[in-house]
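Architecture at a glance
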Amino acid sequence: MALCPYAGKQLSHALFQGLTRREMHRVEQGFSKETYASGDPVPRDPDAMPFLGLVLNGALREDVRDARGERRLFALSFAGELLSPLGPRRVGGQLTALEDTTLLTCARDGFDVLACEIPRLQLNLLHLLQGQIVETQRWQTLLGRKSASQRVASILAWFHARQGGKGELVLPVNRAELGQMSGLTLETVSRQIRALEKARVIGLPQPTRVQVLDEAMLNSLTGDALARRAA
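Here we summarise the structure given alongside this text. (Residues numbered from 1 in each chain as written. Predicted model: local features only at pLDDT ≥ 70, side-chain atom pairs only at ≥ 80, totals over all residues. Heavy atoms only, no water.)

This brings us to the packing of helix α4 (residues 148-162) against helix α6 (residues 186-198). Running from amino to carboxyl end, α4 crosses α6 at an angle of 75°, the nearest separation of the two axes being 9 Å. For the element pair α4 / α6, the angle class is roughly perpendicular. Residues A148, S149, V152 and L156 of α4 form the contact with α6, whose participating residues are T188, V189, Q192, I193 and L196. Among the residues making up the contact of α4 with α6, the classes are represented as 6 nonpolar, 3 polar and no charged. (Axes fitted to C-alpha atoms, helices over the stretch in contact; angles between N-to-C directions. Helix = DSSP H or I, 4+ residues; strand = E, 2+ residues; numbered from the N terminus. Parallel < 35°, antiparallel > 145°, perpendicular 65-115°, else oblique. Contact = heavy atoms within 4.5 Å. Nonpolar A, V, L, I, M, F, W, Y, C, P; charged D, E, K, R; others polar.)

The structure is reproduced here in structure tokens:
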């Protein structure tokens, strides 16, 4: 996999796989580094969307307006993940940093130029987008076969894995949004989280932080093995 030296750090990502040093140097010229503090909006002109980005560190959430004009969670992005150009970043949409966050971004026109010069870059992007679609479909299929407790455990385990399996993870959504993601009521989500805390599977030092005290038990409670066999 190609390594991209950027701002004194080595960046390795599937988007750059197979690129030569010369091509990586060209990529560095086409991407910009942007930093945001926790709570900062990512200022982007909706007319210039979509754009491509990589989260180097931190986390982002993307909200969109529904038919009633209310903001609702659409997507979350963590370190190492791709901000794909398939998202609805347009008028009414908003990206916000959940913690101190650094991005590598490329405007659409700029990426089109790079893709023409480096066909491998465009091919890598297509493979990544296909993988995201397959993973989303797999996730929805598995979640639909699970009990309430398994759904909540699955979402927490999913966040945990996407944040690198650290002992403490950022919980980037509130209880109501967890309910929207899992198809459960707020009361059911709160009850299941309390049960996990009582069983010492997780700890809740803050509403937005979760300590994973027993990773093996959390993964076991997702019911993934049973759901896959049923599928």
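Right, let's get into the nonpolar core. Counting residues in each nonpolar core, the largest one holds 25 residues, and the members touching the most others are L156, F159, V173, L178, I202 and L218. Looking at this core, the elements with two or more residues in it are β6 (71-78), α3 (119-144), α4, α6 and β12 (209-212). When residues of this core are assigned to their parent elements, the largest contribution, 6 residues, is made by α4. Dropping the residues within four chain positions of it, F159 is found in contact with L76, F78, L169, L171, P172, V173, L178 and M181. Counting residues in hydrophobic clusters, the runner-up holds 18 residues, among them L19, F31, L121 and L125. (Core = buried A, V, L, I, M, F, W, Y, C linked by side-chain atoms within 4.5 Å. Buried < 20%, exposed > 50% of the residue type's maximum accessible area, 1.4 Å probe, protein only.)

Attention now moves to the environment of R209. Residue position: R209 is located in strand β12. Along the primary structure R209 and L169 are separated by 40 residues, whereas in three dimensions their C-alpha atoms are 5.8 Å apart. Not counting residues up to four positions away in its chain, the partners in contact with R209 are E99, E168, L169, V170, L171, G203 and L204.

Read across the open sheet, the 4 strands follow the order β3-β9-β4-β7; overall the sheet is antiparallel. A strand with exactly one partner marks an edge of an open sheet, and here the two such strands are β3 (32-36) and β7 (82-83). With 5 bridges connecting them, strand β4 (residues 52-57) and strand β9 (residues 101-106) associate as antiparallel partners. The residue bridging N57 from the neighbouring strand is T102, located in β9. (Pairing = 2+ DSSP bridges.)

Looking now at the pattern of salt bridges. Scanning all chains against the criterion turns up 5 salt bridges. Taking the shortest distance from any N to any O, the salt bridge between R61 and D63 comes out at 2.6 Å. Across the pair R162 and E81 runs a salt bridge, and its minimum N-O distance is 2.7 Å. Here the residue R162 occupies a position in helix α4, and E81 occupies one in the loop between β6 and β7, the gap between them amounting to 81 residues. When sorted by exposure, R162 lands in the same class as E81, which is buried. Several salt bridges converge on common partners, so that one network encompasses R61, D63 and E177. (Salt bridge = Lys/Arg side-chain N within 4 Å of Asp/Glu carboxyl O.)

This part is about the packing of helix α2 (residues 108-117) against α3. Where α2 contacts α3, the two axes come as close as 4 Å, and the packing angle between them is 115°. The orientation of α2 relative to α3 falls into the category roughly perpendicular. Contacts between α2 and α3 involve F111, L114, A115, C116 and E117 from the first element and P119, L121, Q122 and L125 from the second.

Of the positions making up helix α5 (residues 175-182), those classed as buried are E177, L178, G179 and S182. The backbone nitrogen of A176 has a side-chain oxygen 3.1 Å away, supplied by the residue at the start of α5, namely N174. Once α5 finishes, G183 follows within two positions and takes phi at roughly 75°, a positive value. (Polar contact = N/O pair within 3.5 Å; in protein donor to acceptor, adjacent residues only side chain to side chain.)

Summarising the element assignment, H160 is placed in helix α4. Note on H160: relative accessible area 4%, which makes it buried. Among residues more than four places away in sequence, those in contact with H160 are G165, K166, L169, V212 and E215.

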